[in-house]
Amino acid sequence: MTTGELDIVQIMLEASLVVKTVLVSLVLASIVSWAIILKKKRLLKELQANSKDFLDVYKNSTSLKEVMESCHNLPISPYRSLFTHGYIELSKLKDVLGEDKEKLEQHISQYGLTFLERGMKKGVHEINVELEKFLSTLASIGSISPFVGLFGTVWGIIGSFTGLAGGGATLDAVAPGIAEALVATAVGLVAAIPAVWFYNQFNNDNSKVQSEMESFGQEFLNVVERSLAK
């Protein structure tokens, strides 16, 4: 490396074994982080498109049964998951009570629509599992990477000052060690910042999906209640 010039790649190649290990682990963490980020963004985009397709079917169908039959040909989405689990519970109740309207009204009057709410909670859980998948890994990368980089920094600086303590060392001699130490911190931040940023963004997106599911769930309960009251 030419005196007075800093080549980041060269610094990384000439780093000590410990610092190289730290840098490699941070690069791998960054790759995993971006793989998760791209996967989650694609998932959210697909769920949004699938929900739109379901709503088109839901609004254009003449009965809940017709919607359920169409659901078999629709991909997974928050609304579809809520509807199918709710409809299944409704069908089970009708199987037990039969088509006797009086019995259905009596059951709803006594217990409300809690059976339907419990069914839809299964749908919420199903979607939450997909939405929260790998988020803990992203959070771990965002929180641990800076400390891993800091460890590499401390190790590199210790090596540099050990050289100074031996006597006769010049700034040119210890500069590469200090540079590799600071590079470790920089790489740690490069790995951590996107992970933290997108972790927070995905949490916000997930909260939005939860709010939309809650609104649809209330609307579905109203539709079922009106249909049973007819």
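Residues numbered from 1 in each chain as written. Predicted model: local features only at pLDDT ≥ 70, side-chain atom pairs only at ≥ 80, totals over all residues. Heavy atoms only, no water.

S.K.: Please provide a residue-by-residue account of a nonpolar patch on the surface, values included.
M.R.: A cluster of nonpolar side chains, namely Val 24, Val 27, Leu 28 and Ile 31, defines an oily patch on the protein surface of about 360 Å² accessible area. As for its placement among the helices and strands, Val 27 is situated in helix α2 (residues 17-60). The partly exposed category is assigned to Val 27, whose relative accessible area is 38%. (Patch = residues over 30% accessible without salt bridge, like charges linked within 9 Å, V, L, I, M, F, W, Y side chains within 5 Å. Areas by Shrake-Rupley, 256 points an atom, 1.4 Å probe, with all protein chains shown as cover. Salt bridge = Lys/Arg side-chain N within 4 Å of Asp/Glu carboxyl O. Helix = DSSP H or I, 4+ residues; strand = E, 2+ residues; numbered from the N terminus. Buried < 20%, exposed > 50% of the residue type's maximum accessible area, 1.4 Å probe, protein only.)

S.K.: Just give me the short version of the confidence of the model for the protein chain, but keep the residues and values in it.
M.R.: Parts of the prediction with low pLDDT should not have their coordinates interpreted in detail. Across the protein chain, the average pLDDT comes to 84, with 80% of residues at or above 70. Within the protein chain, no element has a lower average pLDDT than helix α1 (residues 8-13), which sits at 67, and none a higher one than α2, at 93. (pLDDT = per-residue confidence, 0-100.)

S.K.: How would you sum up the environment of Ala 29? Please name residues and give values.
M.R.: Topologically, Ala 29 is positioned in helix α2. Distance from Ala 29 to Thr 137, taken between C-alpha atoms, is 9.7 Å for residues 108 residues apart in sequence. Leaving out residues up to four positions away in the same chain, Ala 29 has contacts with Ile 141 and Ser 145. (Contact = heavy atoms within 4.5 Å.)

S.K.: Outline the pattern of salt bridges, listing residues and values.
M.R.: If you walk through the whole model with that rule in mind, you get four salt bridges. In this structure, Lys 122 engages Glu 89 in a salt bridge whose closest nitrogen and oxygen atoms are separated by 3.4 Å. Of this pair, Lys 122 sits in helix α6 (residues 114-132) while Glu 89 sits in helix α4 (residues 78-97), placing them 33 residues apart in sequence. Among the residues examined, Glu 89 registers a relative accessible area of 16% and is labelled buried. Lys 133 is paired through a salt bridge with Glu 130; the nearest N and O atoms lie 3.4 Å apart. By relative accessible area, which is 34% here, Lys 133 ends up partly exposed. Salt bridges sharing common partners tie together Glu 89, Lys 92 and Lys 122.

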